[in-house]
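Below are the chains, spelled out letter by letter.
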Amino acid sequence: MIATTAHGIPKLGLGTFGRTGEAGIAALLAALEIGYRHIDTAQSYDTESSVGEAVRRSGIPRSDVFITTKVADTNLARADFMPSVERSLEILGVDTIDLLLIHWPSEKDAVPFEDYMGALAETRDKGMAKRIGVSNFPIALLDKAQTLLGTDALSTNQVELHPFLQSPKLSTYARAKGLTLTAYMPLAKGKVSEEPVLTGIADKHGVQAGAVSLAFLMAEGHVVIPASSNSERLRQNMAAATLTLDADDIAAIRALDRGERMIDPEKAPAWDD
Ligand SMILES: NC(=O)c1ccc[n+]([C@@H]2O[C@H](COP(=O)([O-])OP(=O)(O)OC[C@H]3O[C@@H](n4cnc5c(N)ncnc54)[C@H](OP(=O)(O)O)[C@@H]3O)[C@@H](O)[C@H]2O)c1
């Protein structure tokens, strides 16, 4: 059984970026078989249909699987927002989305903040989404969102986090506000498996470095959504759910932070750290 956050998000989920088509469905089915019950997709990944199909084929009740999707930055304008969410519901083949996120804030405020955050809240009020949240939001925009929607409205801010990018300012802010961060790229795209400190800790606990990275991020209070198409690695990563790191492990992994950001497109906001 995977623990959940105060807002009911399972702390260990599955990323789906790049897992399209039949190969994607096969990877998702393998993950569901292993016990993953939280799946992260997005309008821009082209994986919403695979997610819906895999959940249906698995035979697992819809209510037992937590699905997150994200409104693309190209759909933030008033005229596009709601139709895009209706399309997501249709493509996923579900009545409601467990967690709906704004994928990226509107670049240079091309779409007014109040417009798309208001539309996001409306999806929750209409039952299209059970929970709402954001992704790639810096502190300044989180403050703005809390002023606009209330302090407990957002269930998460999904951002890049791994042992090489621990974002201490943002993490401290989120903890103080009771806002959970969801770590995307929690394996640094697999790079964690080549880091000697992590492999050393993994050997000590009889697991792989990926599980150490995930257990560390969860111990820091974050949700993790690693991706893999490989059954063996899906299983290795799931081991993080029952792995407890000691204080020495945590201190050694904290020291690996080097502010190494792997996703930083033109449209990115000014990051906090
Ligand atoms: N909100 C956003 O803007 C945003 C941005 C990026 C990502 N995301 C979300 O976050 C999810 C995770 O990020 P990600 O997929 O980019 O990166 P990731 O989870 O850090 O790494 C995935 C890569 O690591 C490999 N891998 C998996 N388990 C491993 C292990 N135990 N040891 C070594 N390598 C391993 C996988 O290859 P194999 O398949 O061969 O195992 C894959 O190439 C995405 O799928 C997506 O859902 C969100």
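**Some remarks on the packing of helix α1 (residues 21-34) against helix α9 (residues 231-238)**
- Interhelical geometry of α1 versus α9 gives an angle of 40° and a closest axis separation of 10 Å. One way to sum up the angle between α1 and α9 is to call them oblique. For the pair α1 and α9, the sense of crossing is right-handed. Note on element contacts: α9 touches α1 through Ser231, Leu234, Arg235 and Met238, opposite Ala27, Ala30, Ala31 and Ile34.
- Considering only residue class, the contact of α1 with α9 consists of six nonpolar, one polar and one charged.

**Re the packing of aromatic side chains**
- Within the structure shown, the criterion is met by four aromatic pairs.
- Considering the side-chain rings of Phe17 and Tyr45, the 5.2 Å spacing of their centres and the 80° angle between planes classify their relative orientation as edge-to-face. With Phe17 in the loop between β1 (14-15) and α1 and Tyr45 in the loop between β2 (38-40) and α2 (48-58), the pair connects residues that are 28 residues apart, well separated along the chain.
- You can call Phe17 exposed: its relative accessible area is 52%.
- Residue class for Tyr45 comes out buried when judged on its relative accessible area of 15%.
- Ring geometry for Phe113 against Tyr116: centres 5.6 Å apart, planes inclined by 70°, an arrangement best described as edge-to-face. Separated by three residues within a single helix, Phe113 and Tyr116 lie in helix α4 (residues 113-125), roughly one turn from each other.
- Assessed through its relative accessible area of 0%, Tyr116 is described here as buried.
- Ring pairing ties together the aromatic residues Phe113, Tyr116 and Phe137, which thus form one cluster.

What counts and what doesn't
- Counting restarts for each chain, with residues numbered from 1 along the sequence as it is written.
- Local features in this predicted model are restricted to residues whose pLDDT is 70 or higher, and side-chain atom pairs enter the listing and the counts only when it is 80 or higher, whereas totals over whole chains, interfaces and linings include all residues.
- Side-chain measures here rest on the full set of heavy atoms in the structure, leaving out hydrogens and waters.
- Angles run from 0 to 180 degrees between N-to-C directions of axes, and those axes are lines fitted to C-alpha atoms, restricted for helices to the stretch in contact.
- The numbering of helices and of strands both runs from the N terminus, where a helix is a DSSP run of H or I of at least 4 residues and a strand a run of E of at least 2.
- Throughout this description, any angle smaller than 35 degrees is read as roughly parallel, any larger than 145 degrees as roughly antiparallel, any in the 65 to 115 degree range as roughly perpendicular, and the remainder as oblique.
- Crossings are sorted by hand: turned counterclockwise from the far helix by less than a right angle, the near helix makes the crossing left-handed, and turned clockwise it makes it right-handed.
- A contact between two residues is defined here by any heavy atoms of the two lying within 4.5 Å.
- The classification used treats Ala, Val, Leu, Ile, Met, Phe, Trp, Tyr, Cys and Pro as nonpolar, Asp, Glu, Lys and Arg as charged, and all other residues, Gly among them, as polar.
- Any two of the Phe, Tyr and Trp rings considered here, Trp counted by its six-membered ring, make a pair once their centres fall within 6.5 Å; the pair's planes then place it as stacked at under 30 degrees, edge-to-face at over 60, or tilted in between.
- For each residue, the accessible area found with a 1.4 Å probe, counting protein chains only, is set against the maximum for its type, and the residue is called buried under 20%, exposed over 50%, and partly exposed in between.

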